Structures are given as C-alpha cells and as structure tokens.
Number of protein chains: 2
Amino acid sequence: MGGMDRSNQGSLGGTPLDLPPAGWERGPGPLHRRLADALEALVLRGELPPGTALPTERELARRAAVSRATAAEAYRRLKASGRIDSRQGRGTWVAGTLAPAGRAPAESMGAVLEHPDGSIDLSLAAPEAGARERTAIGAALDHARGAVAGTGYEPAGSTALRAALADRPDEVLVTSGAQQAIGFVVEELVRPGEVVVVEDVTYVGALDAARRAGARLVAVPTGPGGVDVEALREAVVRHRPALVYLNPTHQSPTGSVLSDRDRAQIVDLAARTGTPVIDDRVLADLPFDDEGRPRPLRSFDPGAPIVTIGSLSKVAWAGLRVGWVRAEPALVRRLVPRRVVADLGGDVLAQAVALALLDEVPRLAAARALDLRRQHRHLTAALVQHLPEWEVAPSRGGTAAWVRLPVADARAVADAAAAHGVHVVAGSLLAPHGDMGDRLRLAVTQPPEVLDEAVARLAAAWSDLPGRGS
Amino acid sequence: MGGMDRSNQGSLGGTPLDLPPAGWERGPGPLHRRLADALEALVLRGELPPGTALPTERELARRAAVSRATAAEAYRRLKASGRIDSRQGRGTWVAGTLAPAGRAPAESMGAVLEHPDGSIDLSLAAPEAGARERTAIGAALDHARGAVAGTGYEPAGSTALRAALADRPDEVLVTSGAQQAIGFVVEELVRPGEVVVVEDVTYVGALDAARRAGARLVAVPTGPGGVDVEALREAVVRHRPALVYLNPTHQSPTGSVLSDRDRAQIVDLAARTGTPVIDDRVLADLPFDDEGRPRPLRSFDPGAPIVTIGSLSKVAWAGLRVGWVRAEPALVRRLVPRRVVADLGGDVLAQAVALALLDEVPRLAAARALDLRRQHRHLTAALVQHLPEWEVAPSRGGTAAWVRLPVADARAVADAAAAHGVHVVAGSLLAPHGDMGDRLRLAVTQPPEVLDEAVARLAAAWSDLPGRGS
C-alpha cells in the first residue's frame, strides 16, 4: 500500500549507485542473509530514507555478483520484515515514512517470539502446555462458563481474582501477563529522560518497556548471588532513578537468588530514598534446588515502595495471558486509567480460568520446576560433553541456562546456530548496553531429546564457525 | 505507602490556610462532592503539590462549615480516586510525586467504566452477555480446549483467527479489543505534536489514545449524514494530519451512516494525500434500519491507506477482549513489535473462543441489533413522554441515543442524574475540545423496564435541577 507512504517515491533521485555497499558479503550466514542485512543496516542508519527506489532483482544480482535467486531471497526477507515494499509495475523501495518504528524487532523481545518452522527453539524461555497443564486448564475452562455475564468490564481486573491474589484486592491490578504489568508501572513512574536502574543482564521485556518510555538505563552488575547491592546503592544515590527493576529470585537469565540479607538492604534503600523497586517474581516458583523459598521484597517492609509483579505464564501456560501488579492501593488506582486506555480491561474468560487454576498452581509449579531442573542438568551435561569449551553458569532456578563462550561474538554464534536450525539468544539482547558479547541464553523448556538434538546442531554450528577462539 | 512519595511530606510548610478555597460550595450535587471537587481542582491545577499536608477531617469540617461526616466523605472520595492519601498518625496529604497521571479518570473513558452498585448504567454502551451470548460463548469454550498447546505466543494473534478474519492473514493483527487496536495504530503513526483529525463528537477511547500519544486533536463537524466531507478535506489539506479517525457506520455516539458517495470521496482524499484513515467498524453490524450494509472504506480502493478496526465486543460480549486491525501487511508488521512490548500477544483462549464464535456472529449481531433498535425506540418514546424538552436525535444504529438538552450544562444534568442513581455521559466527554455542553449520550443496552426506571429517575433529577431553562 504505497499510499501509506507520505513521501513521493520518485523524488529522491532514483536508485543509489553504491548498492549493495562495498564489503556486504563479509560475515557468517548464507549470502542472501548477508545481502539483506547489509541493505537493512543502511535503512536503519538512515542512509536509505523511506521511499528510496531500490534496484530490480536482476540489477541487484548483477551488482552484487550473486544469482537472481539470492537477490530475490534477500528482497523477500526485507519485505517480510517490513523494511522494503514493492509493487508490480512500480518497482521496489524502502518502506515507511511515518514515525520511526523504534528499535528493530530483532533487537527486542520480538526476536524471541518468531522463528521459521521446523527449527528448535531454545530462545523463548516460556514452557509449552503439556498434558498436565492441558488437563488443569481444561477443568478451569468449565468454571469459566459462569463468568460469561454482565458487560465484563472491570478495568482493574476480576474482583474475585484480585481477592484471591491478595488479602487486599485494592493492592492488585490484573494485567495481560507480566509484560503488560511492567509496562504500566514503567509508564506511570518514569518520564522520558529519567533513569531506570536494571541488572546487567536482565529480562529483555523490561528493557523494551523502559526504552519505549524514553528512560535512560543504568546497569548494575549481577552475579551468582544476585545483584551487587553496593553498586545498586551507589547507582540509586548518584542517579536518583525513577525506578529500579530487579529479578531477585531465579534471576532472568542467570538463575541467581538474592540473599535475605541483601533483600533487607535493598528494601531499606527503597524506603529511605523513596525509590520504587520492582520485584519481578515471575520465575520465583521455579527453583532448581530445595533451599527454601526466599521472601518477597515487600514482606520486609510493607511501607517501602516495592511493586511486585507476578504471572501464571511460566507456571501454568504462557498462552494464558494473566499477570498482575501488587502495590500500594494509591499506585494501583493510578495504573487503572492506563489499563482503560490500553485495552479497557482484561479478557474475562482468561481471568476466570486463572482464578479456577489458582488452587492448582502450587502443584503445577512444583512439577514444572522438577522438569526444568532435570532439563537444565541434562542440557548442562550435553554441553559439557559436546561443547566443552562452553561454560554453563550455575543456576538456582528459572527457565534458562546462561552460557559463557570462549569467543566474544555470541551474536555470530547465534546466527550460525539459527542457520543450523536452532534458535538461541545472544547475551547482548539481555544487556542494557548491548555488551555481554560472550554469553548465550539457552531456554531449558524443551524435553531432553530435543535438547540433545539442539546440542548436536549447536556443536555443528560451532565447528563451522571461523575464528572460534582457541 | 508514603515511601512511594519522593518528596518529604513535612517540607512544604504544613497545611495551607486557605483550604477549602473560597466559593467551593457553588454548583450542583451533594456538599461532600462539591468539597471533594474543589480540593481535586487545586491538585489538578498544581496549587496543592504532592505531599502537601491537608487539614484533619475535624479541621476541614470546621473551616468548610460542614458536618464531620461530609468532610469525611469528601476525603473518602478523594482517597478512592487516588488524589490523596492518609495514614494513622501521619495525617492526610496530597498523593503522588511521580509522573503526572495524565488526565483524571473522570475526564476519560474511565468515567464510563466504574459506578456505585445499585445504580442504573446508561453510560457504558456495551451490551451485557444475555442467555443468547452465554449459550454461544459456552459452546465456543468447548472448542477452546484444543487451543491449550504449545507456548501460546503468537504476537500478531492466532493464525487461525487471522485467516478467518481476512483472506490474507498478514493483513490482520488480532488485539485485546478495538481499544488496543486503535492505540497501537495511533502510537505507530502519530508522533507527539502531530495532528489527529477526529469527528466532533466521537468515541472517547479514541480521544484517550490520541491524547496519550501527545497528538493535537483537530475536530471536524459530524451530522445526521456523518462527517462533513468538505470540512474533513480542508482539515487534511491545512493540517496534514498524521491520522484521521472516523466511525462512518453507526457513528459513535450519533448513530449516523456516511453515504457511499462520501465514502468514496474520503478514500480518494486518503489515497491522494497519503493520509491514513481509521475506519472504526465496531458498531457497523448493529443497524437500526434495513437500508443495507454500507461498504467498508477499504473496499473502495485497496491501495488507499485505510486501517479498518473491528471487534466482537459489541456484537458478542465486551468481556471477550478480541478486536483487530486490518491494514496493509507492511503496517501490520510494524504494529507487531508494539504488541510484543505491550503484552507479548493476546490471550489464546479468548482468541480460540472468538474463532469458534465467528460463524455465530451474524446471528448474534442480528439479534443484538433488533434488541438495540427496539430499546432505542422505547427510550425515545419514554423521553418524549416524560422529558418532552429533551430532543433525541435520529439514529441509524449503534448502542446509544444522542440527546439534545434545552440547557447548556449537560455535566450538571449528568451529575444530578448520578445523584438520582442513573449514570449518563455528558457530551463534553465525547467532544475533542470539551464542547457539546448541551448533549447527553444515553446507552440503549438495557432492557425496556430498566430504561423506564432510568427515565423516571432522569425526570426526577431534571425537575430537581435549578435553572433548567424554559
């Protein structure tokens, strides 16, 4: 739909003569992908503005000295990602002239959600619904019938579900998953240019939300014992952040658990400085060990500005988009208008299913945690055997393994793995400033036999890779 | 949770001595409400910054010369709306120091979603799920069982549902209702300060979304035949809007239908100027007459930048949060990353229910339209009888009646009606610039006996009202 473009496609002086750019063919991966990536990079850098005419497939093939099929495939990729557009008789041009689409999907959570069929997905760390979950959710669906009544608008969420999630329902806003919950809190508390303190590394969806709100990200190190509390204190004192976002329990992606002593110090810091701290507990019910459940941050001081985020996505099913914010009632009341503008309130059936499932959640979580623990061990053992140069960090829970490579280009490893049909996440995606270039996150949500095949493909990709260190 | 406030509550010099402000008692409605409104106005104007200490109930009662109960009720209202906070031993203070919460809920869609129990709601124009919808949705729930599989993440929506909604699934993004659909399109196409052209009057949720995106609203008149096409053309040429938002079919709230000739002109204008036009079709399947179904804007020119919005909320059930955007694939691809950051993708069960319901939608819509037509006529007749000074505008479909009052203060009428236990929407809420002060929107989604009681209460409120014109 060329009419969507407000510029005149013909006005930019025709097709640039230096397309594709010199050196486009450098790097790993198939030719068509390198060609597409090179063109996309020019678009992202603004060197090919929207509306710029591109060479015909035939002409591109000639200039790049590749086959017509390779040129066609490069254009197909770019068209599929919305970078370019074409129409019979009008040629091919750089798409869009409207507001910038923000970061490219490949740089955000979106990269984790869509892959070609037939490949193994170790990038999305959300477990599938198996027989156990299907049975429990099916039973809950029967209860959901009773929820079909009234207009269904309850912007803060189903009152019954809120009451089941907390003694005081006015402390709860039910959301479409934890991602929406994090987004509302960020939007409400953070103005453009203000600082959000996050762990280096952390959950990519939280980075997405903070960036979309125009926040400046300040990263503090996180290690096997969780976030570095002294570094966090310094960051809070120095930057006076509008918000701190933490995963203290089975940190995403490292799987660390913060000690009670460190928790108490962080809560004290929050209370004394008035700095709101998000305690993301989405992975808190998925321990790999039996060392007891750490207490939520808010339990250390009910008066401190702690915002707890929860969800059924990882414990029950990601397709059941039910999460929540738990916070002081005054903040919850300020979030409700955001919910109204966003989508008027959550799906009633999903909330009815969630309510009917709540009694089953401890059982589902325990079974899921056992699966994930077993799969984490299995993957670790397979990597030790087939990729001994890769180092798996110890983890105390969650849905992923955190791997250190002997090379600094995890992105290239991830690309090579994708070419071999297995999707993994380069650490830079999870790092607020794009570093962590030697890390990979591998989801452990697949069964052992899939993990074995994934490791075989990873090993093949690794052995193909030029310059893979020692 | 006072710790959420970053200012020091004691630092602002104690309780202002001029509280409540002089003249607070002017206006209609109960005393406690006027007192609360006067205090809220000071907060909204920034004259009482967050953290400002407020008088005790006893002191407020003394200063305002009202009973202690009235002062307490005023504070209770303000606390319930999040404007103030209090704690035993620490007194009462103006809440919040963080980012402004935007417009007060009372000024947006939120005002339509929450009311006290026991009152009649003619403000929310979303029908309840009756026996017909319960049966159909219950049957669809049985099909939803099959959807519990995989991880459930499909950011653009269920592929099966997208395919059912359009021949080309890549033209569809499934959303959590039409409100989310409108929000994504506005966010993607409109930068802060850019113009969005809307009808005067229009759907309040679209105004909310445009305002939240920082748009400048330009209003063009709309009448019994729909939007004034000449005025729209002038607005587009003069303001070069980033987006036009229209309800051409059973316009919300006027119920008008735009002619095919006007549609063709608008589509031509969109195509020639490259201006994206939203065709909101949420009410399109709810005609009050048998004059045939008008064609969607996009059918006039598939190459024009028309973005169609649809939903099952009004036809099936508002609690089923399933809507969609239909647009050129390049725009749909740009919206998907917004969906990912917003909530990772829609609830799978809701989409499975929607898919299973689609075959029933024509039948459900026809039955709903007959109900609404009958109720619109019933309400009109009751108003003619009991409130002959009120004038009901002719309507060709939708979920509401649009009423003209012989006085210019519909807000006062709405307040008086609320005090008599019936909620209606003042026209100013639906007007981009807050005018339409002599209009009321009355939902016709209630059955005739409730409408009769509502009209009796409206008549009582009207006869109580001082200075209600001739």
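Shown above is the structure to which this text applies.
Here the structure is a predicted model, which is why all the values come from computation and not from measurement. (Residues numbered from 1 in each chain as written. Chains lettered and ligands numbered in written order. Predicted model: local features only at pLDDT ≥ 70, side-chain atom pairs only at ≥ 80, totals over all residues. Heavy atoms only, no water.)

Trainee: What is the right way to look at the overall build of chain A in this model?
Mentor: Per the secondary structure count, chain A includes 15 helices and 17 strands. In chain A, which comprises 470 residues, the share counted as buried stands at 59%. Sequence separation of at least 24 residues holds for 72% of the intrachain contacts in chain A that already meet a minimum separation of 6. Of the roughly 17600 Å² of accessible surface on chain A, a fraction of 51% belongs to carbon and sulfur atoms. (Helix = DSSP H or I, 4+ residues; strand = E, 2+ residues; numbered from the N terminus. Buried < 20%, exposed > 50% of the residue type's maximum accessible area, 1.4 Å probe, protein only. Contact = heavy atoms within 4.5 Å. Areas by Shrake-Rupley, 256 points an atom, 1.4 Å probe, with all protein chains shown as cover.)

Trainee: For this particular structure, what's the right way to read the pairing of strand E6 (residues 195–200) of chain B?
Mentor: Side-chain positions along a regular strand alternate between the two faces of the sheet. All names here are of chain B. Taken across its 6 residues, E6 has 6 buried, putting it largely inside the fold. Examined bridge by bridge, E6 and strand E7 (residues 216–223) share 6 bridges and lie parallel to one another. Paired with Glu 199 across the bridge in E7 is Val 220. On the question of chirality, the crossover connecting E6 to the parallel E7 by way of helix H8 (residues 204–212) is right-handed. (Pairing = 2+ DSSP bridges. Right-handed = clockwise from strand over helix to strand, strands pointing away.)

Trainee: So what exactly am I meant to see when it comes to the nonpolar core here?
Mentor: For soluble globular proteins, the rule of thumb is that nonpolar side chains tend to be buried together. Trp 390 and Leu 440 of chain A together with Trp 390 and Leu 440 of chain B are the most contacted members of the largest nonpolar core, which totals 132 residues. For Trp 390 of chain B, the residues in contact, after removing those within four places along its chain, are Leu 383, Val 403, Arg 404, Leu 405, Pro 406, Val 413, Leu 440, Leu 458 and Trp 462 of chain B. If you look at the next biggest cluster of nonpolar residues, it comprises 78 residues, including Leu 243 of chain A together with Val 190, Leu 207 and Ala 215 of chain B. (Core = buried A, V, L, I, M, F, W, Y, C linked by side-chain atoms within 4.5 Å.)

Trainee: Is there a simple way to explain the sheet that holds strand E8 (residues 226–227) of chain A in this structure?
Mentor: Strand pairing in a sheet relies on backbone hydrogen bonds. The paired strands run either parallel or antiparallel. All names here are of chain A. Within the open sheet, the 8 strands sit side by side as E5-E12-E11-E10-E9-E6-E7-E8. Their pairing is mixed. Only two strands of the sheet have a single neighbouring strand rather than two, namely strand E5 (172–175) and E8. Looking at chain direction, E5 and strand E12 (residues 323–326) are connected through 4 bridges and run antiparallel. The residue bridging Val 174 from the neighbouring strand is Trp 324, located in E12. On top of the sheet, helix H9 (residues 229–239) reaches strand E6 (195–200), strand E7 (216–223), E8 and strand E9 (243–246); it is set at about 165° to E7, its chief contact. (Axes fitted to C-alpha atoms, helices over the stretch in contact; angles between N-to-C directions.)

Trainee: Honestly, the interface of chain B and chain A in this entry has me stumped. Any pointers?
Mentor: By a widely used convention, the size of an interface equals the accessible area lost when the partners come together. Taken together, the 91 residues of chain B in the interface contact 90 residues of chain A. Taking both sides of the interface into account, the surface hidden between chain B and chain A amounts to around 7600 Å²; carbon and sulfur atoms contribute 61%. Counting across the chain B and chain A interface gives 2 salt bridges. Note that Asp 142 of chain A is salt-bridged to Arg 145 of chain B, the shortest N-O span being 2.4 Å. Inspection of the chain B/chain A interface yields 23 residue pairs in polar contact (both at pLDDT 80 or more). (Buried area = accessible area lost by both parts, 1.4 Å probe. Salt bridge = Lys/Arg side-chain N within 4 Å of Asp/Glu carboxyl O. Polar contact = N/O pair within 3.5 Å; in protein donor to acceptor, adjacent residues only side chain to side chain.)

Trainee: When you look at the relation of the copies chain B and chain A in this model, what are you seeing that I'm missing?
Mentor: Taken together, a rotation about one axis and a shift along it account for how the two chain copies relate. The two copies are related by a screw operation: chain B maps onto chain A through 180° of rotation and 0.0 Å of translation along the axis, at an RMSD of 0.2 Å. Here the two chains are linked by the operation of a two-fold rotation axis. Here 98% of the contact residues of chain B are again contact residues in chain A; the copies associate through an equivalent surface. (Least-squares fit on C-alpha atoms with pLDDT ≥ 70 in both.)

Trainee: So what exactly am I meant to see when it comes to the packing of helix H7 (residues 177–189) of chain B against H8 of chain B here?
Mentor: When two helices pack together, their arrangement is given by the angle between the helix axes and the distance between those axes. Residue and element names in this part refer to chain B. At their nearest, the axes of H7 and H8 sit 9 Å apart, and the two run at 35° to each other. Of the two possible hands of crossing, H7 and H8 adopt the one that is right-handed. Contact residues: H7 offers Gln 179, Ile 182, Gly 183 and Val 186, while H8 offers Gly 205, Ala 206, Ala 209 and Ala 210. (Left-handed = near helix turned anticlockwise from the far one by under 90°.)

Trainee: Would you explain the pairing of strand E10 (residues 277–280) of chain A in this entry?
Mentor: Residues and elements named next belong to chain A. Of the two faces of E10, the one holding Val 277 and Asp 279 and the one holding Ile 278 and Asp 280 are both buried throughout. Of the pairings in the sheet, the one linking E9 to E10 comprises 3 bridges and is parallel in character. In the sheet register, Tyr 245 faces E10, and the bridge partner there is Ile 278. Since E9 and E10 lie parallel, the crossover through helix H10 (residues 260–273) that links them has a hand, and here it is right-handed. Where E10 meets strand E11 (residues 306–311), 4 bridges bridge the pair, whose relative direction is parallel.

Trainee: Which parts of the structure should I look at to understand the pattern of salt bridges?
Mentor: Any two side chains of opposite charge can pair, so long as their charged atoms come close to each other. Applying the stated criterion across every chain, the model contains 54 salt bridges over all chains. The closest approach of N and O atoms between Glu 194 of chain A and Arg 191 of chain A, which form a salt bridge, is 3.2 Å. A salt bridge links Glu 171 of chain B to Arg 326 of chain B, with the nearest nitrogen and oxygen atoms 3.3 Å apart. Taken together, the residues span a long stretch of sequence, with Glu 171 of chain B in the loop between helix H6 (159–165) and strand E5 (172–175) and Arg 326 of chain B in strand E12 (residues 323–326) at a distance of 155 residues. Using a relative accessible area of 11% as the deciding quantity, one classes Glu 171 of chain B as buried. Taken together, the shared-partner salt bridges in this structure form one network comprising Arg 132, Glu 133, Arg 368, Asp 371 and Arg 374 of chain A.

Trainee: Is there a simple way to explain the environment of Leu 458 of chain B in this structure?
Mentor: Residue and element names in this part refer to chain B. Tracing the chain through its elements places Leu 458 in helix H15 (residues 448–464). Overall, Leu 458 belongs to the buried group, its relative accessible area being 1%. In this structure the C-alpha to C-alpha distance between Leu 458 and Val 403, which are 55 residues apart in sequence, comes to 13 Å. Once residues within four sequence positions are removed from consideration, Leu 458 is found in contact with Leu 387, Trp 390, Ala 417, Val 422, Val 424 and Leu 442.

Trainee: Can you walk me through unusual backbone geometry in this structure?
Mentor: Residues other than glycine predominantly adopt negative phi, and peptide bonds predominantly adopt the trans conformation. Residues and elements named next belong to chain B. Of note, the bond from Asp 200 into Val 201 is cis; its omega dihedral lies within 30 degrees of zero at 25°. Mapping Val 201 onto the fold places it in the loop between E6 and H8. The omega angle of the peptide bond from Ser 252 to Pro 253 is 10°, so this bond is cis rather than trans. Its location among the elements puts Pro 253 in the loop between strand E9 (243–246) and helix H10 (260–273). Of note in the backbone geometry, His 250 takes a positive phi value of approximately 60° without being a glycine. With respect to the helices and strands, the residue His 250 is situated in the loop between E9 and H10. Using a relative accessible area of 3% as the deciding quantity, one classes His 250 as buried. Of note in the backbone geometry, Met 436 takes a positive phi value of approximately 60° without being a glycine. Of the residues examined, Met 436 reaches a relative accessible area of 22% and is grouped as partly exposed.

Trainee: Looking at this structure, how should I read helix H2 (residues 57–64) of chain B?
Mentor: For the α-helix, the turn length of 3.6 residues means that residues three or four positions removed from each other point alike. Residue and element names in this part refer to chain B. Taken as a whole, H2 has its buried residues at Leu 60, Ala 61 and Ala 64. Buried residues of H2, viewed axially, fall in a sector of 100°; they line one side. Exposed and oriented more than 90 degrees from the buried face of H2 are Arg 58 and Arg 62. The first or second residue beyond H2 is Ala 65, which carries a positive phi of 55°. (Arc of directions from axis to C-beta.)

Trainee: Would you mind going over H7 of chain B with me for this structure?
Mentor: Compared with an ideal rise of 1.5 Å per residue, which puts 13 residues at 18 Å, H7 of chain B spans 19 Å between its outermost C-alpha atoms and is within 8% of the ideal. The set of residues buried in H7 of chain B consists of Gly 177, Ala 178, Gln 179, Gln 180, Ala 181, Ile 182, Gly 183, Phe 184, Val 185, Val 186, Glu 188 and Leu 189 of chain B. (Expected span 1.5 Å × (residues − 1).)

Trainee: It is not clear to me how the side chain of Gln 446 of chain B should be interpreted in this structure. Could you clarify?
Mentor: With respect to the helices, strands and loops of the structure, Gln 446 of chain B is situated in the loop between strand E17 (439–443) and H15. Gln 446 of chain B has contacts with Asp 121, Leu 122, Glu 128, Gln 375 and Leu 451 of chain B, leaving out every residue within four places of it along the chain.

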